[in-house]
Amino acid sequence: VSITRVAIIGAGHIGASIARACALKLPDVRVALYDASEAVRARAREIALGEIAEAPQEAVRDADLVILCVPVGAMAAAYASVSAALKPGAILSDVGSVKGAVIAAIKPRDDVFFVPGHPLAGTEQSGPDAGLARLFENRWMIITPLADERLAYKQAAADLAAFWSALGANVDVMDPARHDVVLAVVSHLPHLIAYNIVAMAEDLEQVTESEVVKYSASGFRDFTRIAASDPIMWRDVFLNNKEAVLEMLGFFTEGLTALQRAIRLGDGAMLHETFARARRVRREIIEAGQDSAAINFGRDQKP
Ligand code: NAP
């Protein structure tokens, strides 16, 4: 990898995971981090994530690659805080879960190469302690390059792809608008549904909260994992991927209404056909190596 100095702005779950992955897989790469939160900087220093800077400009000075790892709504502010200090020729990237809005919010200097990206990896945790060195292994990293025909820009995109491959990710290139529609289906809508079902269960008056917790292993528990994700991060995703999410929510609501009608009319064939299709999708995910085939995701297994 031609990148030897990396700066990470935002030392939370994803930023800390990139730092840990570099330490494991690219030990010669120097990593500097900055976070707006003083408590996060102190913790990052304690757990030795890398060189912790006290100012954003200090972290990015001399960096070949600067990765913005802050919530989508904070990307513009994070970029503004480092812009003047970027090394000419540096690669600027980000890990935001939405691409169109981040690209619209960041107008990079002419002498830096902005190559947006999104690693499809993460857990429901946040903060510097949630940094996992192997988080990106065998996960997709989607790069959404800008329409920039300069040779040096293409080289920057190739260098960024090589960096993520070295961290263990499989790199794909996608158009930003396409990314936002695909992610609305595979990530944003499932989170919205999980947030809604968990909030609904909490609101239900006839089911006491203790019963919801006690019997949660019946299915509810798996939604609560998704719904435990960072509220700021997810607020920003929905505020910034409005169109694609609303379109997919329209399809979802139609499907739900069709299922509701099938239940009301006792249309077992329709229910069976829908559930059988869904089960096939689960098998395809396992065959693609994107999840384990172990019973109940490998939980509850006796050694
Ligand atoms: P996180 O654990 O909450 O970390 C974000 C960190 O950025 C926080 O410590 C926050 O500090 C800091 N920050 C906010 N504004 C800043 C600024 N202007 N300058 C410097 N630091 C700033 O969040 P995360 O899960 O790592 O998510 C970061 C990004 O990755 C988001 O854009 C998200 O969409 C994307 N992403 C997340 C996942 C996932 O599963 N978690 C997966 C892929 C991509 P404060 O707490 O003080 O605000």
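Since we're looking at a predicted model, the values are computed, not measured.

Remarks on the site of the ligand
Residues in contact with the ligand amount to 28 residues; listed here are only the nearest, H13, I14, D35, V70 and S97. For the ligand, an oxygen atom lies 2.8 Å from a polar atom in the backbone of H13. Here an oxygen atom of the ligand sits 2.9 Å away from a polar atom, N or O, in the main chain of G127. Considered on its own, the ligand offers 900 Å² of accessible surface; in the complex 82% of this is hidden by protein. Within the residue set of the shell around the ligand, elements represented by two or more residues are α1 (13–25), α4 (75–82) and β7 (117–119). Tallied by class, the residues present in the shell around the ligand amount to 16 nonpolar, 11 polar and one charged.

Points about the pattern of salt bridges
Taken as a whole and judged by the stated rule, the model has 17 salt bridges. The partner of D62 in a salt bridge is R5, and the shortest N-O contact between them spans 3.9 Å. Within this pair, whereas D62 is found in the loop between α3 (56–60) and β4 (65–68), its partner R5 is found in strand β1 (residues 5–9), the two being separated by 57 residues in sequence. Exposure remark for D62: the relative accessible area of 42% places this residue in the partly exposed category. Across the pair R41 and E54 runs a salt bridge, and its minimum N-O distance is 3.1 Å. Here R41, found in helix α2 (residues 38–46), pairs with E54, found in the loop between β3 (51–52) and α3; they are 13 residues apart in sequence, far enough to count as distant. With relative accessibility at 43%, the residue E54 sits in the partly exposed group. Overlapping salt bridges bring together K25, R134 and E137 as one network.

Notes on the nonpolar core
In terms of nonpolar packing, the biggest core is built from 40 residues, with I18, L49, F136, F163 and W164 touching the most fellow members. Secondary-structure elements contributing two or more residues to this core are β1, α1, β2 (30–34), α2, β4, β8 (140–143) and α6 (151–166). It is α6 that contributes the most residues to this core, seven residues altogether. In this view, I18 contacts I8, I67, C69, V95, F136, F163, W164 and L167; residues no more than four positions away in its chain are not counted. Within the second largest apolar cluster, 33 residues are counted, among which are A32, L92, V112 and L189.

A word on the side chain of D64
Along the polypeptide, D64 turns up in the loop between α3 and β4. In this structure the side chain of D64 is engaged in a polar contact, spanning 2.8 Å, whose partner is the backbone nitrogen of R5. Those residues within four positions of D64 in sequence are excluded, and the remaining contacts are I3, T4, R5, K87, A90 and I91.

Things to note about the sheet that holds β3
The strand order across the open sheet formed by six strands is β3-β2-β1-β4-β5-β6, and the pairing between neighbours is parallel. Looking along the sheet, the strands with just one partner apiece sit at the ends: β3 and β6 (113–114). Alignment of β2 against β3, held across two bridges, turns out to be parallel. Opposite L33, over in β3, you have I52 as the bridge partner. Sitting on the sheet, α1 is in contact with β1, β2 and β4, with an inclination near 165° to β2.

Here's the deal with α2
Residues that lie three or four places apart on an α-helix share one face, since the helix turns once every 3.6 residues. Along α2, the residues classified as buried are V40, R41 and A44. The buried residues of α2 occupy an angular sector of 100° when the element is viewed end-on, so they sit on one face. What points out from α2, more than 90 degrees from its buried face, is the exposed set E38, A39 and E46. Next to the buried residues of α2 lie β2 and β3. If you check the start of α2, you find a side-chain oxygen 3.3 Å away from the backbone N of A39, and it comes from S37. A48 occupies a position one or two residues after α2 and carries a positive phi of about 55°.

Describing the pairing of strand β9 (residues 170–173)
For a regular strand, side chains alternate in direction, first toward one face of the sheet and then toward the other. When β8 meets β9, the two strands line up parallel, connected through four bridges. Its bridge partner being in β9, I143 is matched across the sheet by V173. Read from β8 through α6 to β9, the crossover connection turns out right-handed.

Cut-offs used in this document
Residues numbered from 1 in each chain as written. Predicted model: local features only at pLDDT ≥ 70, side-chain atom pairs only at ≥ 80, totals over all residues. Heavy atoms only, no water. Near = heavy atom within 4 Å. Polar contact = N/O pair within 3.5 Å; in protein donor to acceptor, adjacent residues only side chain to side chain. Areas by Shrake-Rupley, 256 points an atom, 1.4 Å probe, with all protein chains shown as cover. Helix = DSSP H or I, 4+ residues; strand = E, 2+ residues; numbered from the N terminus. Nonpolar A, V, L, I, M, F, W, Y, C, P; charged D, E, K, R; others polar. Salt bridge = Lys/Arg side-chain N within 4 Å of Asp/Glu carboxyl O. Buried < 20%, exposed > 50% of the residue type's maximum accessible area, 1.4 Å probe, protein only. Core = buried A, V, L, I, M, F, W, Y, C linked by side-chain atoms within 4.5 Å. Contact = heavy atoms within 4.5 Å. Pairing = 2+ DSSP bridges. Axes fitted to C-alpha atoms, helices over the stretch in contact; angles between N-to-C directions. Arc of directions from axis to C-beta. Right-handed = clockwise from strand over helix to strand, strands pointing away.

Bear in mind that shape data such as this cannot, by itself, settle questions of function.
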